[in-house]
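Residue-level listing of the chains:
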Amino acid sequence: RVCHCVGGRMTDGPFNLSPGAAKSGLGHGTGQQTDRAHALLKYASEANRYRGFTPDDLRYYEANAHPALVRQFHYFASLSRLEKAAAAAAAK
């Protein structure tokens, strides 16, 4: 849907996931890993997704993120979700 929404078109044939870095070229060699495996490690756990965000960041997001976009792209984030994810991770 996103591809069509921005004017793109899926090609015929199977869709192949690229295991390499999502971006390349000038300015994308910062040393941070951006391949699929590292993205899965970082984002597969809800507790990990919140690393680097402060409570103020999450309050700002809750107050300003467009609800339709949050639902469409499943960008659910809040201080209460952070607390629940942290408690679940600690209980393991």
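Before reading further, recall that the structure is shown in the block above.
Residues numbered from 1 in each chain as written. Predicted model: local features only at pLDDT ≥ 70, side-chain atom pairs only at ≥ 80, totals over all residues. Heavy atoms only, no water.

Undergrad: When you look at the packing of aromatic side chains in this model, what are you seeing that I'm missing?
TA: For any pair of aromatic rings, the description rests on two quantities: the centre-to-centre distance and the angle between the ring planes. Using the criterion set out here, one finds one aromatic pair in the structure. Summarising the aromatic geometry, the rings of phenylalanine 73 and tyrosine 75 are spaced 5.8 Å apart at their centres and angled 25° between planes, so their arrangement reads as stacked. (Phe/Tyr/Trp six-rings, centres within 6.5 Å; stacked < 30°, edge-to-face > 60°.)

Undergrad: What exactly am I supposed to notice about the pattern of salt bridges here?
TA: Between side chains of opposite charge, a pair can form as their charged atoms come close. For the coordinates displayed, the defined rule picks out two salt bridges. The salt bridge partner of glutamate 46 is arginine 81, with a shortest N-O separation of 2.8 Å. Within this pair, whereas glutamate 46 is found in helix 3 (residues 46-49), its partner arginine 81 is found in helix 6 (residues 79-91), the two being separated by 35 residues in sequence. What makes glutamate 46 partly exposed here is its relative accessible area of 22%. Since its relative accessible area comes to 33%, arginine 81 is described here as partly exposed. Between aspartate 56 and arginine 59 there is a salt bridge, and its shortest N-O distance comes to 2.7 Å. A residue pair is termed a helical-turn pair when its members lie 3 or 4 positions apart in one helix, as aspartate 56 and arginine 59 do in helix 4 (residues 55-64) at three residues. With a relative accessible area of 54%, aspartate 56 lands in the exposed category. (Salt bridge = Lys/Arg side-chain N within 4 Å of Asp/Glu carboxyl O. Helix = DSSP H or I, 4+ residues; strand = E, 2+ residues; numbered from the N terminus. Buried < 20%, exposed > 50% of the residue type's maximum accessible area, 1.4 Å probe, protein only.)

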